[in-house]
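# Structural features, examined
The residues making up each chain are set out below.
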Amino acid sequence: MEEIQKITEKMDPEEALSAMALVASGLFPQVSEEARLRFVVGLVGEAGADKVASLVQL
């Protein structure tokens, strides 16, 4: 995990987000719905959990 952080710190923030989105989109089909939900909730926080649950179905 530290390696990922070191790499993204060297990048422009928008470029880093785009790269992370590309990687995440490749990983999402390989993990369970629960894992995807935990990931998204981790990004937006617990307060958005109700809205996030409906997004994960997409």
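No experiment lies behind these values; they were computed from the predicted model shown.

The rules behind these values
- All residue numbers refer to positions counted from 1 along the written sequence of the respective chain.
- Where totals are concerned, whole chains, interfaces and linings use all residues; where local detail is concerned, this predicted model gives features only for residues with pLDDT of at least 70, and gives and counts side-chain atom pairs only at 80 or more.
- Values reported for side chains reflect all heavy atoms of the structure, with hydrogen atoms and water molecules removed beforehand.
- Put simply, DSSP H or I for four residues or longer makes a helix, DSSP E for two residues or longer makes a strand, and each gets a number counted from the N terminus.
- Computed with the Shrake-Rupley method and a 1.4 Å probe, the accessible areas treat only the protein chains shown as cover for residues.
- Think of it in three bands: with a 1.4 Å probe and only protein chains considered, a residue is buried below 20% of the maximum accessible area for its type, exposed above 50%, and partly exposed in between.
- Pairing of aromatic rings covers Phe, Tyr and Trp, the last through its six-membered ring, and needs centres within 6.5 Å; plane angles under 30 degrees mean stacked, over 60 mean edge-to-face, and all others mean tilted.
- pLDDT measures how confident the predictor is about each residue, on a scale from 0 to 100.
- Patches in this entry comprise residues that are over 30% relatively accessible and not in a salt bridge; like charges within 9 Å are linked, as are nonpolar side chains (Val, Leu, Ile, Met, Phe, Trp, Tyr) within 5 Å.
- Basic side-chain nitrogens of Lys or Arg form a salt bridge, by our definition, when they fall within 4 Å of a carboxyl oxygen of Asp or Glu.
- Expected helix span is given by 1.5 Å per residue-to-residue step, counting one fewer step than there are residues.
- N or O atoms closer than or at 3.5 Å make up a polar contact, with two conditions inside protein: a donor-capable atom paired with an acceptor-capable one, and, for residues adjacent in sequence, both atoms drawn from side chains.

## Some words on the overall build of the chain
- In terms of helices and strands, the chain carries four helices and zero strands.
- For the chain, the succession of helices and strands along the chain, N to C, is α-α-α-α.
- Carbon and sulfur atoms make up 61% of the accessible area of the chain, which amounts to about 5,000 Å² in all.

## Comments concerning the environment of Ile4
- Position of Ile4 relative to the elements: it lies in helix H1 (residues 2-9).
- Take Ile4: its relative accessible area is 55%, and that puts it in the exposed class.

## Details of the packing of aromatic side chains
- As enumerated under the stated definition, the model contains one aromatic pair in all.
- Summarising the aromatic geometry, the rings of Phe28 and Phe39 are spaced 5.5 Å apart at their centres and angled 85 degrees between planes, so their arrangement reads as edge-to-face. With Phe28 in the loop between helix H2 (13-27) and helix H3 (33-44) and Phe39 in helix H3, the pair connects residues that are eleven residues apart, well separated along the chain.
- Assessed through its relative accessible area of 27%, Phe28 is described here as partly exposed.

## Focus on the confidence of the model for the chain
- Per-residue pLDDT for the chain has a mean of 85; in total, 79% of the residues score no lower than 70.
- Ranking the elements of the chain by mean pLDDT puts helix H4 (residues 49-56) last with 60 and H2 first with 94.

## Examining a nonpolar patch on the surface
- On the surface, a cluster of nonpolar side chains totalling about 300 Å² of accessible area is made up of Phe39, Leu43 and Val44.
- Mapped onto the elements of the fold, Val44 is located in helix H3.

## Description of H2
- Between its first and last C-alpha, H2 extends 21 Å over 15 residues, near the 21 Å set by a 1.5 Å rise per residue.
- Looking at where H2 begins, the residue whose side-chain oxygen comes 3.1 Å from the main-chain nitrogen of Glu14 is Asp12.

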